[in-house]
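As a plain string of letters, each chain reads:
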Amino acid sequence: MHPAVPFDVTWASAGEPADVVIVQALTALLGPGPVRSGRLCPECGGSDHGNPWAVHSGEQVPVSIARAGGHLLVVLAPGAESVGADVEDVAAIEADWPGTVLAPGETATTTAERVALWVSKEAILKADGVGLNRSMEEVVVAEYDGDLQQIAAPLGFAAAVALRRGSGE
């Protein structure tokens, strides 16, 4: 078993611009240096939406963002190949639980199980670079071959981080 790839979690208000929070978090984590961040859509190449990216002192740093309620979650994972993060309102998932989240053979009978599956699957899909362009039913959490962790979240919310290791690990 490999040791987990370290990652850095920053919580901010959902009203904060993600790029500003990313730059602040990168500088706090890695120190002073030139920092750039933005978005890139893998389908159309647009920079006003799509996957977030960040560069510190010329080095690409995997980053993921998620918003729910009044919260913005930014996760940086230097040393990882990719990272995905998700945060969700527990009450909203319970109220709108769709069976379409479950892969064949998966079960989720309690709110805690449903929420854990939801945030884990969204984090995995983001780490894989596809987001919700792939169905959650296609993701089997138990078969994920990266690092997956539930992380502390504000009261009433749940969050998870999924990481893909760099090729040298």
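Scroll up a little and you will see the structure.
Residues numbered from 1 in each chain as written. Predicted model: local features only at pLDDT ≥ 70, side-chain atom pairs only at ≥ 80, totals over all residues. Heavy atoms only, no water.

Let's shift gears to the overall build of the chain. Along its length, the chain carries 3 helices and 9 strands. The order of helices and strands in the chain, counted from the N terminus, is β-α-β-β-β-β-β-β-α-α-β-β. In summary, the chain has a C-alpha radius of gyration of 16 Å against a globular reference of 15 Å for 169 residues, a match within 12%. Considering only C-alpha atoms, the chain reaches an extent of 50 × 35 × 35 Å along its principal axes. Of all 169 residues assigned to the chain, the portion counted as buried reaches 43%. Of all intrachain contacts in the chain linking residues separated by at least 6 positions in sequence, the fraction that spans at least 24 positions is 55%. Of the side chains in the chain, 9 bear a positive and 22 a negative charge, and the two mean positions are spaced by 2 Å. (Helix = DSSP H or I, 4+ residues; strand = E, 2+ residues; numbered from the N terminus. Rg over C-alpha atoms; globule rule 2.2 N^0.38 Å. Buried < 20%, exposed > 50% of the residue type's maximum accessible area, 1.4 Å probe, protein only. Contact = heavy atoms within 4.5 Å. Lys, Arg positive; Asp, Glu negative; His and termini not counted. Charge placed at Lys NZ, Arg CZ, Asp CG, Glu CD.)

Moving on: the layout of surface pockets. Reported here for the largest pocket is a volume of approximately 600 Å³. Sorting the residues of the lining of the largest pocket by element identifies β2 (35-40), β3 (51-56), β5 (63-68), β7 (80-89) and α3 (111-127) as the ones contributing at least two each. At 5 residues, the largest contribution of residues to the lining of the largest pocket is made by β5. Its residues assigned to classes, the lining of the largest pocket comprises 16 nonpolar, 9 polar and 6 charged. (1 Å grid on protein atoms, 1.4 Å probe; cavity = no way out; pocket = protein on both sides within 12 Å on 5 of 7 lines; lining within 4 Å. Points joined across faces, edges and corners; volume = space filled by probe spheres on them. Nonpolar A, V, L, I, M, F, W, Y, C, P; charged D, E, K, R; others polar.)

It is worth spelling out the nonpolar core at this point. The biggest cluster of nonpolar side chains holds 19 residues, and the ones touching the most others in it are W97, W118, I124 and A162. Counting only elements with at least two residues in this core, the list comes to α3 and β9 (157-165). When residues in this core are grouped by element, the largest group, 8 residues, is from α3. When neighbours within four sequence positions are excluded, A162 is seen to be in contact with S82, V83, G84, A123, I124, A127, Y144, D147 and L148. The next biggest cluster of nonpolar side chains, apart from the first, holds 14 residues, and it includes A66, V83, V87 and A159. (Core = buried A, V, L, I, M, F, W, Y, C linked by side-chain atoms within 4.5 Å.)

Along its 13 residues, helix α1 (residues 18-30) runs 18 Å from first to last C-alpha, staying within 8% of the 18 Å computed at 1.5 Å per residue. Those residues of α1 that fall on the buried side of the exposure criterion are A18, V21, I22, A25 and L26. Buried residues along α1 cover an arc of 130° about the axis, so they all sit on one side. Residues of α1 that are buried in the fold lie against β1 (8-13), β2, β3, β5 and β6 (71-76). In the stretch just after α1, G31 is the one whose phi turns positive, near 90°. (Expected span 1.5 Å × (residues − 1). Arc of directions from axis to C-beta.)

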